[in-house]
Amino acid sequence: MLLDIQLDARPDQAATRAAELAATGVAGLFTFEGPHDVFLPLAATASAGVDVDLMTNVAIATPRSPLHLAHAAYDLQLMSGGRFRLGLGSQIRPHIENRYGATWSRPAARMREAVLATRAILTAWQDGSRLDFRGEFTKHTLMPPTFVPGPNPHGVAPVLLGALGPLMTRAAGEVADGLLVMPFHSHRHVRERTLPALEEGLAGRGPGRPREEFRIYPQAIVSMGSTPEEQAAADRGVGGLLAFYGSTPAYRSVLEVEGWGDLQPELNALSKTGAVAEMMALVTTRHIETIAVRGTPSECAAELKRRFGDLTDRVCCYFPGYDVAPEQLGELVAALRD
């Protein structure tokens, strides 16, 4: 099993940090839509020739035009020598309306169309066909030769969709090249909720898009330590993220599957008063072991294989709120490959 991890550096430091992470043996690096642009660190890394796969995980699609997404995907595919994957996500309504200043409605339908429109543009550039995409939310029918980059020598980059709920998961199965399983989940939630919804989407794939080419990319929150002190620090970092995720109504379904549905409104109420310590106190070791992956590098590798080994040959890992030594990353990489 191959390992992708987050490229945790701002754009002007991305190439140096990417080289450090690549030296541990990781197969790929991904960025997320955080305090910096999601594409620029990957462009810096690709320009430096760091020998890893690159992915957005995720770029928020709703505020962006599919044309913007297509240009970024084309250019990063070109710069990386064909090692780029475009991962798209939707975000929740308050962020779309109040942070991005964009329109929020019917997120699964919008994301489905964003994937289709982005791929339609990339395909028109690749094979020279006439661009004629007419959707409910966007239209792309004008592409003069002056604005056509021509076929990408490395092919069209895969377009992936991040999903948690059934509607978005079905949309991923129907129109995307792969599913990014959102990191706040449990083994039981994936098996009982995600996979059945994905199967429904895969059953509706159109001609020319065989389901055998579809890929699943699980994302896991990891609490990893080789000593009791390291494990305690990792638990604190992961516990804080789980408390934040758990306070969000959109993630209640994960807690409900495990019988912890009442925890979500309790965390939500505390979040509105800024009671961070109280929120973290509600997250137990049992929560961490169930929703995240916890233990030494070898134990984490074994658990990742148990959860996802029958679904995929690579996994994306987050290490939130604590530092992981390069030696530990190397141990995790080696254990996953054994």
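Thresholds applied
- Throughout, a residue's number is its position along its own chain's written sequence, starting from 1.
- Note on the predicted model: pLDDT of at least 70 is required for a residue's local features to be given, and 80 or more for side-chain atom pairs to be given and counted; whole-chain, interface and lining totals, by contrast, use all residues.
- Calculated side-chain values reflect all of the structure's heavy atoms, with hydrogen atoms and water omitted.
- UniProt positions are given in the numbering used here, feature names are shortened, and annotations may be inferred rather than shown by experiment.
- Secondary structure counts use DSSP, requiring at least four H or I residues in a row for a helix and at least two E residues in a row for a strand, with both numbered from the N terminus.
- Each reported salt bridge corresponds to a side-chain nitrogen of Lys or Arg within 4 Å of a carboxyl oxygen of Asp or Glu.
- Residue exposure (1.4 Å probe, protein chains only): buried if accessible area is under 20% of the type maximum, exposed if over 50%, otherwise partly exposed.
- Planes of paired rings set the category: under 30 degrees apart is stacked, over 60 is edge-to-face and the rest tilted, where pairs are Phe, Tyr or Trp rings (Trp by its six-membered ring) whose centres lie within 6.5 Å.
- For helices, the fitted axis covers only the stretch in contact; all axes are lines through C-alpha atoms, and the angles between them, taken along N-to-C directions, range from 0 to 180 degrees.
- An angle below 35 degrees is treated as roughly parallel, one above 145 as roughly antiparallel, one from 65 to 115 as roughly perpendicular, and anything else as oblique.
- Crossing handedness is read from the near helix: turned anticlockwise from the far helix by less than a right angle, it gives a left-handed crossing, and turned clockwise, a right-handed one.
- Only heavy atoms matter for contacts: two residues are in contact if any of them lie within 4.5 Å across the pair.
- Just so you know the grouping, Ala, Val, Leu, Ile, Met, Phe, Trp, Tyr, Cys and Pro go in nonpolar, Asp, Glu, Lys and Arg go in charged, and all remaining residues, Gly too, go in polar.
- Buried and open spaces are told apart on a 1 Å grid over the protein atoms alone, a cavity being a set of points where a 1.4 Å probe fits but cannot get out and a pocket being an open set with protein on both sides within 12 Å along at least five of seven lines. Residues with an atom within 4 Å of a point are the lining residues.
- Grid points are joined across faces, edges and corners, and a volume is the space filled by probe spheres set on the points.
- Two strands qualify as a pair provided that DSSP identifies no fewer than 2 bridges between them.
- Look down the strands so they point away from you; if the path from the first strand over the helix to the second goes clockwise, the crossover is right-handed.

Draft legend 1. Spatial organisation of the UniProt feature "domain: Luciferase-like" (unreviewed entry) in the protein chain. According to UniProt, the feature "domain: Luciferase-like" (unreviewed entry) maps to residues 11-306 in the numbering used here. Helix makes up 48% of residues 11-306 and strand makes up 14%, while its end C-alpha atoms are separated by 35 Å.

Draft legend 2. Summary view of the pattern of salt bridges. Scanning the entire structure with this criterion turns up 25 salt bridges. Across the pair Glu20 and Arg17 runs a salt bridge whose closest N-O atoms are separated by 3.4 Å. Of the two residues, Glu20 and Arg17 are both situated in helix H1 (residues 14-22); the distance of three residues between them amounts to about one turn of the helix. Overall, Arg17 belongs to the partly exposed group, its relative accessible area being 27%. With a shortest N-O distance of 2.1 Å, Arg209 and Asp177 are connected by a salt bridge. Of this pair, Arg209 sits in the loop between helix H7 (187-203) and strand E10 (215-224) while Asp177 sits in the loop between helix H6 (166-175) and strand E9 (178-181), and the two are 32 residues apart along the sequence. Residue classification places Asp177 among the buried residues on the basis of a relative accessible area of 17%.

Draft legend 3. Main features of the packing of aromatic side chains. Applying the stated criterion across every chain, the model contains seven aromatic pairs. Pairing Phe244 with Tyr245 gives two aromatic rings, centres 6.0 Å apart and planes at 45°, and the pair type is tilted. Geometrically, the ring pair formed by Phe319 and Tyr322 is edge-to-face, given 6.4 Å between the ring centres and 85° between the ring planes. The exposure class assigned to Tyr322 is buried, which follows from its relative accessible area of 11%. An aromatic cluster is built from Phe184, Phe244, Tyr245 and Tyr251, whose rings are joined through pairwise contacts.

Draft legend 4. Expanded view of the packing of helix H3 (residues 66-79) against helix H5 (residues 107-127). Contact pair H3 / H5: the axes reach a minimum separation of 9 Å and the direction vectors enclose 55°. Relative to H5, H3 is oriented oblique. By crossing handedness, the relation of H3 to H5 is classed as right-handed. When H3 is examined against H5, the residues Pro66, Leu67, Leu69, Ala70, His71, Ala73 and Tyr74 are found in contact with a partner set consisting of Ala114, Ala117, Thr118, Ile121, Leu122 and Trp125. Across the contact of H3 with H5, the residue classes break down as eleven nonpolar, two polar and no charged.

Draft legend 5. Highlighting the layout of surface pockets. Quantified by volume, the largest pocket comes out at close to 1,100 Å³. Lining the largest pocket are 39 residues, with Gln91, Ile92, Met182, Tyr245 and Tyr251 positioned closest to its centre. Counting only elements with at least two residues in the lining of the largest pocket, the list comes to helix H4 (93-98), H5, strand E8 (159-163), H6 and helix H8 (228-246). Quantified by volume, the second largest pocket comes out at close to 320 Å³. Residue lining of the second largest pocket: 15 residues in total, with Gln6, Asp8, Arg17, Phe319 and Tyr322 positioned closest to the centre. Looking at the lining of the second largest pocket, the elements that each hand over two or more residues are strand E1 (2-6), H1 and strand E12 (314-318). Residue composition of the lining of the second largest pocket, grouped by class: ten nonpolar, two polar and three charged.

Draft legend 6. Quick look at the pairing of E1. Pairing between E1 and E12: four bridges, direction parallel. Within E12, the position partnered with Asp4 by the bridge is Cys316. By the bridge criterion, three bridges tie E1 to strand E2 (residues 28-31) in an arrangement that is parallel. If you follow Asp4 over to E2, its bridge partner there is Gly28. Between E1 and its parallel partner E2, the chain crosses via H1, and the hand of that crossover is right-handed.

Draft legend 7. Representation of unusual backbone geometry within the structure. Omega for the peptide link from Asn57 to Val58 comes to 10°, which places this bond in the cis form. When you line up the elements, Val58 lands in the loop between strand E3 (53-56) and strand E4 (59-60). For Gln91, which is not glycine, the phi dihedral falls at a positive 65°. If you trace the backbone, Gln91 turns up in the loop between strand E5 (84-89) and H4. The exposure class of Gln91 is partly exposed, given its relative accessible area of 27%. Positive phi values are uncommon outside glycine, yet Arg106 reaches one of about 40°. Here Arg106 is to be found in the loop between H4 and H5.

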